[in-house]
Amino acid sequence: MRATSTLIALALSAVLLPAQADPVTIDFEKLTYPKDEFGDTLSQVALGSQYAGAFGISFSGAAWGVNSGLNGCSGQYGVLSPSGCGTLALAGNPAGGSAGGNVKLTISVLGGFIDQFVFDYAAVLDGNALISIWGNDEQDTQPLASLQLTNSTQPNGCSGSGQDVRVCNWSELNALKFSGVAHTITISGVDQNFYLDNLKFTAPTATPNPLPEPAGLALAASALGALAWVRRRQGR
């Protein structure tokens, strides 16, 4: 009887096995850039819902994807991306030149994310930025976590073959940890002086899982098969 109860419990726990969510990374490498009136492909695109369908992540405000002109990339920006050609620029409108002053972008994560927000960043002189993580949005009383990146300067050593290199030195930031489930990130700073790449989010783990995972179904089938074998033995 004890063995039978154990097998039943194993089968049920397998069916209710939680779905382990993999971390999501946005690297801005597959953006589609629009064309101008002459049919030439531009090197910047306003970010909005490009990642909403696949990842439930959308951008608003001063958020632009820019395409590098370095390392064989097809764009025109002197930004040496840490992962390829595409980068997120905190900018009002990079095509029109920097207007000065502070701008802000917002990242919305439909299903929420947990634990921390990790990203690569680079800043030029006076590129100070404030990053805040919110449970819902800025209507909350206070953010779940906030970090002011002060005295951010672009170190010397940027060089390129015949092209001005504005950004080349990147650092990974993994200090924005928090408790609970966040849905919104706001980033504000000096126009076109702050760049991001490789944004990493971890979705909450779903439990119990209304649609069993394949591994859970396989485990449940094995347990139920063993249960049937035990019952046949007991009936002899």
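Cut-offs and rules
Numbering of residues starts from 1 in every chain and runs along the sequence as written. The predicted nature of this model means local features are confined to residues of pLDDT at least 70 and side-chain atom pairs, given and counted, to a pLDDT of 80 or more, with totals for whole chains, interfaces and linings taken over all residues. Side-chain metrics in this entry use all non-hydrogen atoms of the structure; hydrogen atoms and water are not considered. Side-chain atoms within 4.5 Å link the members of a nonpolar core, which is a set of buried Ala, Val, Leu, Ile, Met, Phe, Trp, Tyr and Cys residues. Each residue is placed in one exposure class: buried if its accessible area under a 1.4 Å probe, protein chains only, is under 20% of its type's maximum, exposed if it is over 50%, and partly exposed if it falls in between. Segments assigned H or I by DSSP are reported as helices when at least four residues long, segments assigned E as strands when at least two residues long, and all are numbered from the N terminus. Here a residue-residue contact requires only that any non-hydrogen atoms of the pair lie within 4.5 Å. Cysteine sulfur atoms that pair up within 2.5 Å are treated as a disulfide.

K.L.:
How should the nonpolar core be read in this particular structure?
P.N.:
Side chains of a nonpolar character, in soluble globular proteins, are inclined to be buried together. By size, the foremost hydrophobic cluster in this structure holds 38 residues, and its most contacted members are Phe59, Phe117, Leu199 and Phe201. Elements with a contribution of two residues or more to this core: strand 1 (24-26), strand 3 (57-61), strand 5 (86-90), strand 6 (102-123), strand 7 (129-134), strand 8 (145-149), strand 9 (171-190) and strand 10 (194-201). With nine residues, the single largest contributor to this core is strand 6. Excluding anything up to four places from it in sequence, Phe201 contacts Pro23, Val24, Ile26, Ile57, Ile107, Val109, Phe113, Phe117 and Ile185. Among the nonpolar cores identified, the runner-up in size contains 11 residues, and Tyr77, Val79, Val124 and Tyr195 belong to it.

K.L.:
Is there a simple way to think about the environment of Ser179 in this case?
P.N.:
Within the secondary structure layout, Ser179 lies in strand 9. As for Ser179 and Asp115, which are separated by 64 residues in sequence, their C-alpha atoms are 6.2 Å apart.

K.L.:
What is the right way to look at unusual backbone geometry in this model?
P.N.:
Note: most residues except glycine have negative phi, and most peptide bonds are trans. The backbone of Asn71 shows a phi angle near 55°, a positive value even though the residue is not glycine. Mapped onto the elements of the fold, Asn71 is located in the loop between strand 4 (63-67) and strand 5. Of note in this structure, Asn198 is not a glycine but carries a positive phi near 50°.

K.L.:
Explanation requested: the state of the cysteines in the structure shown.
P.N.:
Counting across every chain of the model gives one disulfide. In this model, Cys73 is linked to Cys85 through a disulfide, with the two sulfur atoms separated by 2.0 Å. Judged by the sign of its S-S torsion, about -85°, the cystine formed by Cys73 and Cys85 is left-handed. Separated by 12 residues along the polypeptide, Cys73 in the loop between strand 4 and strand 5 and Cys85 in the loop between strand 4 and strand 5 bring together distant segments of the chain. Given the relative accessible area of 11%, Cys73 is considered buried. Cys85 sits in the partly exposed class, given a relative accessible area of 24%.

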